Amino acid sequence: MAPPLDATDRRLLSLLQANARAGTATLARQLGLARTTVVARMARLERSGVVAGYGVRLGARLDASTVRAWCSISVRPRTAPTVLGALQAMAEVEEVFAVSGAFDYLVFLRCASHEQLDTLLDRVGQLDGVHQTQTSIVLSRKIDRRSAGA
């Protein structure tokens, strides 16, 4: 179970989400804390699993040059591990969420072109265990709370 987060922890997490490369001195200034306090808080958040890692968020330039889509997938009973393993091996699959409702998984895809997306969707639909898919192509992002200005 994750430890309770106070307002400072939440602000620190927000700053890290906006810029995971921010130095501890910069974070300390923004939070009004000593650098060693920020280092200790970050270490505690990492140890407790609240922070699982640090990564790269792709910028608008790449987003503008790619085709993004959400693909809902329903799978046949007892085939989920096989389907998930196949999805894991596809570089265009960025995220997979288990969801409630008519579908079992919601998959976020990123492709270089509509043609590549079409081919990928054919591959996904032909996976052993996939029962049904439904895809929505992302036209534009209206709200992004992960952005630096959030």
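Here is a short report on the structure shown in this document. Here the residue index of a chain counts from 1 through its sequence in written order. Local features are withheld for residues below a pLDDT of 70 in this predicted model, meaning they are given only at 70 or higher, and side-chain atom pairs are given and counted only at 80 or more; totals for whole chains, interfaces and linings count all residues. Excluding hydrogens and water, the side-chain values take into account all heavy atoms of the structure.

**Concerning the overall build of the chain**
Now for step 1: When helices and strands are counted, the chain shows 6 helices and 4 strands.
Now for step 2: A run of H or I in DSSP counts as a helix once it spans at least four residues, and a run of E counts as a strand once it spans at least two, with each numbered from the N terminus. The helix and strand sequence of the chain, counted from the amino end, reads α-α-α-α-β-α-β-β-α-β.
Now for step 3: When the 150 residues of the chain are sorted by exposure, 29% land in the buried category.
Now for step 4: Of the contacts formed within the chain by residues at least 6 apart in sequence, a portion of 66% connects residues at least 24 apart.
Now for step 5: Residue-level accessible areas treat just the shown protein chains as cover; the underlying method is Shrake-Rupley with a 1.4 Å probe. Accessible surface, the chain as shown: approximately 9900 Å² in total, 52% of it carbon and sulfur. The classification of residues rests on relative accessible area computed with a 1.4 Å probe and restricted to protein chains. Under 20% of the type maximum is buried, over 50% is exposed, and intermediate values are partly exposed. Every residue pair with non-hydrogen atoms within 4.5 Å of one another is taken to be in contact.

**Brief notes about the packing of helix H2 (residues 24-31) against helix H3 (residues 35-47)**
Now for step 1: At a closest axis distance of 8 Å, the pairing of H2 and H3 adopts a crossing angle of 105°. On the basis of the axis angle, H2 is roughly perpendicular to H3. Across the interface between the two elements, Thr24, Ala25, Leu27, Ala28 and Leu31 of H2 pack against Arg35, Val38, Val39 and Met42 of H3.
Now for step 2: Charged residues are taken to be Asp, Glu, Lys and Arg, nonpolar residues to be Ala, Val, Leu, Ile, Met, Phe, Trp, Tyr, Cys and Pro, and polar residues to be all remaining types, Gly included. Residue composition of the contact of H2 with H3, grouped by class: 7 nonpolar, 1 polar and 1 charged. The axes used here are C-alpha line fits, helices contributing only the stretch in contact, and every angle between their N-to-C directions lies in the interval 0 to 180 degrees. Orientation is classified from the angle alone, with under 35 degrees giving roughly parallel, over 145 giving roughly antiparallel, 65 to 115 giving roughly perpendicular, and any other angle giving oblique.

**Here we look at the nonpolar core**
Now for step 1: Joining through side-chain atoms within 4.5 Å is the link that ties buried Ala, Val, Leu, Ile, Met, Phe, Trp, Tyr and Cys residues into a set, and such a set is a nonpolar core. In this structure, Ile73, Leu87, Met90, Val107 and Leu109 are the most contacted members of the largest nonpolar core, which totals 18 residues.
Now for step 2: Of all the secondary-structure elements, those providing two or more residues to this core are strand E1 (67-75), helix H5 (80-88), strand E3 (105-111) and helix H6 (114-125).
Now for step 3: No other element matches the 5 residues that E1 contributes to this core.
Now for step 4: Aside from chain neighbours lying at most four places away, what touches valine 107 is Ala69, Trp70, Cys71, Ile73, Leu87, Val93, Glu95 and Val96.
Now for step 5: Formed by 12 residues, the second largest nonpolar core is a distinct cluster that contains Leu12, Leu15, Leu31 and Leu45.

**So, the packing of helix H1 (residues 7-18) against H3**
Now for step 1: At a closest axis distance of 11 Å, the pairing of H1 and H3 adopts a crossing angle of 85°. The pairing of H1 with H3 is recorded here as roughly perpendicular in orientation. In contact with Thr8, Asp9, Leu12, Leu13 and Leu16 of H1, H3 contributes Val38, Arg41, Met42, Arg44 and Leu45.

**Details of the sheet that holds strand E4 (residues 130-137)**
Now for step 1: The strand order across the open sheet built from 4 strands is E2-E3-E1-E4, with neighbouring strands paired in antiparallel fashion. Since the sheet does not close on itself, it has two edges, and those belong to strand E2 (93-98) and E4, each with one partner. Strand-to-strand twist of the sheet, defined as the mean angle between neighbouring strand axes without regard to direction, takes the value 20°.
Now for step 2: Both E1 and E4 contribute to a ladder of 7 bridges, which runs antiparallel. Note on E4: the bridge partner recorded for isoleucine 73 is threonine 133. Only when DSSP finds a minimum of two bridges between them are two strands counted as paired.

**Observations concerning the packing of aromatic side chains**
Now for step 1: The criterion for an aromatic pair is that two Phe, Tyr or Trp rings (for Trp, the six-membered ring) have centres within 6.5 Å, with stacked assigned to planes under 30 degrees apart, edge-to-face to planes over 60 apart and tilted to the rest. On inspection of all chains with the given rule, the structure shows 2 aromatic pairs.
Now for step 2: Taking 6.2 Å as the distance between ring centres and 40° as the angle between the ring planes, the aromatic pair formed by tryptophan 70 and phenylalanine 97 counts as tilted. Placement of the pair is tryptophan 70 in strand E1 and phenylalanine 97 in strand E2, with a sequence separation of 27 residues.
Now for step 3: The class of tryptophan 70 is partly exposed, set by a relative accessible area of 31%.
Now for step 4: Classification of phenylalanine 97 as partly exposed rests on a relative accessible area of 35%.
Now for step 5: Geometrically, the ring pair formed by tryptophan 70 and phenylalanine 108 is tilted, given 4.8 Å between the ring centres and 55° between the ring planes. Separated by 38 residues along the polypeptide, tryptophan 70 in strand E1 and phenylalanine 108 in strand E3 bring together distant segments of the chain.
Now for step 6: A relative accessible area of 8% places phenylalanine 108 in the buried class.
Now for step 7: Taken together, the ring pairs connect Trp70, Phe97 and Phe108 into an aromatic cluster.

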